[in-house]
Each structure stands twice: as C-alpha cells, then as structure tokens.
Amino acid sequence: MRIARFSIDGNVAFGAVEGDSSTATDELVLDIIKGIPYADFELSGVKVPLSKVRLLPPVLGNKIVAFGRNYADHAKELGNEVPETPFAFLKPTTSMIGSGDPIVYPGFTQELHHEAELAVVIGRMCREVPRERVKDVIYGYTCANDITARDVQRREKQWARAKGFDGACPIGPWVETELDPSDLAIQCTVNGEQRQLGSTSQMIHSIEDLIVNVTEAMTLLPGDVILTGTPAGVGPLNVGDEVAVTIQGIGTLTNKVIKRG
C-alpha cells in the first residue's frame, strides 16, 4: 500500500494512494485514512484526486538517521575510504520537504549536490533490534534526496550544517509499505538528464546492518527515517534545476531549486 501525507483546503491528512503510479498524476486518488497510519487504521472511503492536493513529507518523524559512504563507487568518487562499519550522522526533521516543494539554495554554499537514496521508515518504537526482527520494525520505504553543501562539508569536517539546513532532505512522494528492498533501481535526473543510476543491491551494509547498528545506540520511534546511502554520480545543482529521484517500485520525488528570496 502507498501512504501519502497531504494538505488540502488548510487541512492535513494521510491517504492511501489508489491507481497506477506509472500513469498521469491526475488519474491517482487518495482515500483518506482515519487516524495515523502506523497502527491499525481504516480507510474512510472519502476520496480526493491527488492532483488537487499538496504532497507533504510522508512521515512525521522525530529524527533522520543517515548513513554515508554505503556504496563503494560513491565513496571512491569523493576520494573517501570505504568504511568497515556503518557510518551514521543525523539530519534534523526541519530539513524535510515534500515532493514538489522547492529546494532553496542556501546563501552559505556555492556547491550544492544531489544524492539519491532509498529511505526506510520505522513503524514502531524499537531499540537493540536483532537482525532477525528488523523487518518487524519497518513500516515502509520512500525516496529521499540527501542534499549536501559539498564545499561546507569539506571545510567544516563535521556535517551538521552541510547536510542539515532547511530543505536538505526532500522525501516522498509517499511510503510504499509492501516492497522487497534488496535489488531496487535508484535513478537521479537533473532537468531530465540522468546523473545517478544504481541499485540497492550495491549497498556495502544492508538495511539489516544499518538498523542493528543504529538501534544499538538509540531508540527509534514510529515515523523515524533511515537514509541508506547514495550510489555514484552525485553532482551539482543550480538555481532553476529540477531534480528527480526515482526508485523502482516506489515512484518519483521531484523538486526544483530556487534562489533565496
């Protein structure tokens, strides 16, 4: 099931996406969900066209835990060593924007990069999750773009500003709850030109590895997001560019880069 979060007429709701996502957006509809979708929920039967709503980040998480250098070719393209163990950092939830929202080019960088990633959404509170129970704590999967101020990342060494600024985590368009994430194609295009093309099968550390690693240290809550790393091909974004992340079996996350007003 595909679960979206959206606003319409000043109201925010969750809805189940109905229709073939390979067709035009105006042919998809949302069946509004009663309550929050991390537990048992009912569909209301009240339906609205997807084309009439504004898509929001599909989760209301407390934190975003991201993993860097989890694809060997990406680590090498930036001159980094491949880490022996998962390499985690945090992005604030204020960095999240939805599909269709603008990425505002920050004034403190001159080198903004895209990084297409599979995002894992947590469905229940969990800590010290054993490998065999990882699937039990996952709610679903969505697309993400780990937008990075690359010059700031190099200069400051730690990544809080480089990857944590407002708009640095586009995510969406919805959460797919029924998906095998082991071998999904990940593509990033800028203005229709392919920049990144990889597969989740190329991850150095599996989703199980990542969740075991992070829950050794901290409790995850429903709606928390795990970013699993990006394949090779990261590159610059400029004002006016439209960047799209497409992941097989999920859909496409699209955002346009604009100048700060």
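Residues numbered from 1 in each chain as written. Predicted model: local features only at pLDDT ≥ 70, side-chain atom pairs only at ≥ 80, totals over all residues. Heavy atoms only, no water.

*Asks:* An account of the nonpolar core is requested, with residue identities and associated values reported.
*Replies:* Counting 54 residues, the largest nonpolar core has L30, L118, I138, I207, I211, I226 and I247 as its most contacted members. Ranked by the residues each element gives to this core, the list is headed by helix α5 (residues 207–215), at five residues. Setting aside residues no more than four positions away along its own chain, I226 makes contact with V65, F67, L118, A119, V120, I122, V214 and L220. The next biggest cluster of nonpolar side chains, apart from the first, holds 20 residues, and it includes F89, V121, Y139 and A144. (Core = buried A, V, L, I, M, F, W, Y, C linked by side-chain atoms within 4.5 Å. Buried < 20%, exposed > 50% of the residue type's maximum accessible area, 1.4 Å probe, protein only. Helix = DSSP H or I, 4+ residues; strand = E, 2+ residues; numbered from the N terminus. Contact = heavy atoms within 4.5 Å.)

*Asks:* How would you explain the sheet that holds strand β9 (residues 103–105) if you had to name every residue and give the values?
*Replies:* Spatially, the five strands line up as an open sheet ordered β9-β20-β19-β15-β16, and their pairing is mixed. Edge positions in the sheet fall to β9 and β16 (193–199), since each of these pairs with one other strand and no more. Strand after strand, the sheet turns through a mean of 20° between neighbouring axes, direction not considered. Note that β9 and strand β20 (residues 251–259) share three bridges and pair parallel. Each residue of the ladder has a partner; that of Y105, found in β20, is K259. (Pairing = 2+ DSSP bridges. Axes fitted to C-alpha atoms, helices over the stretch in contact; angles between N-to-C directions.)

*Asks:* Residues and numbers for the pattern of salt bridges, please.
*Replies:* The final tally for this structure, using the stated rule, is 13 salt bridges. Close ionic contact of K163 with E115 constitutes a salt bridge, the shortest N to O distance being 3.4 Å. Remark: E115 occurs in the loop between β10 (112–114) and β11 (116–122) and K163 occurs in helix α4 (residues 160–164); sequence separation between them is 48 residues. Among the residues examined, E115 registers a relative accessible area of 4% and is labelled buried. (Salt bridge = Lys/Arg side-chain N within 4 Å of Asp/Glu carboxyl O.)

*Asks:* An account of the pairing of strand β12 (residues 138–145) is needed here, citing residue identities and associated values.
*Replies:* Most of β12 sits inside the fold, with eight of its eight residues counted as buried. As paired elements, β11 and β12 share seven bridges and run antiparallel to each other. The partner of A116 across the bridge, within β12, is N145. With three bridges joining them, β12 and strand β14 (residues 169–176) adopt antiparallel strand pairing. If you follow A144 over to β14, its bridge partner there is I171.

*Asks:* Please set out the pairing of β14 residue by residue, giving values where relevant.
*Replies:* Among the eight residues of β14, eight are classified as buried, and the element is accordingly described as predominantly covered. Both strand β1 (residues 2–8) and β14 contribute to a ladder of two bridges, which runs antiparallel. Bridge pairing in β14 places I3 opposite V175. Two elements, strand β8 (residues 96–97) and β14, share two bridges in a ladder whose sense is parallel. Bridge pairing in β14 places M96 opposite C169.

*Asks:* Residue-level account of unusual backbone geometry, with values.
*Replies:* Of the consecutive residues G172 and P173, the connecting peptide bond is found in the cis state with omega at 5°. Note on placement: P173 falls in strand β14. Phi is positive for E128, close to 50°, though the residue is something other than glycine. Structurally, E128 is set in the loop between β11 and α2 (134–137). Among the residues examined, E128 registers a relative accessible area of 53% and is labelled exposed. Residues other than glycine seldom take positive phi values, yet N191 does so here, at roughly 55°. Within the secondary structure, N191 is located in the loop between β15 (185–190) and β16.

*Asks:* Tell me what's going on with the environment of V46, and back it up with residues and numbers.
*Replies:* Position of V46 among the secondary structure elements: in strand β4 (residues 42–49). Residue V46 is classed as partly exposed on the basis of its relative accessible area of 47%. Considering only alpha carbons, one finds V46 and D180, 134 residues apart in sequence, at a separation of 30 Å. Beyond its immediate sequence surroundings of up to four residues, V46 is in contact with L30, D31 and I32.

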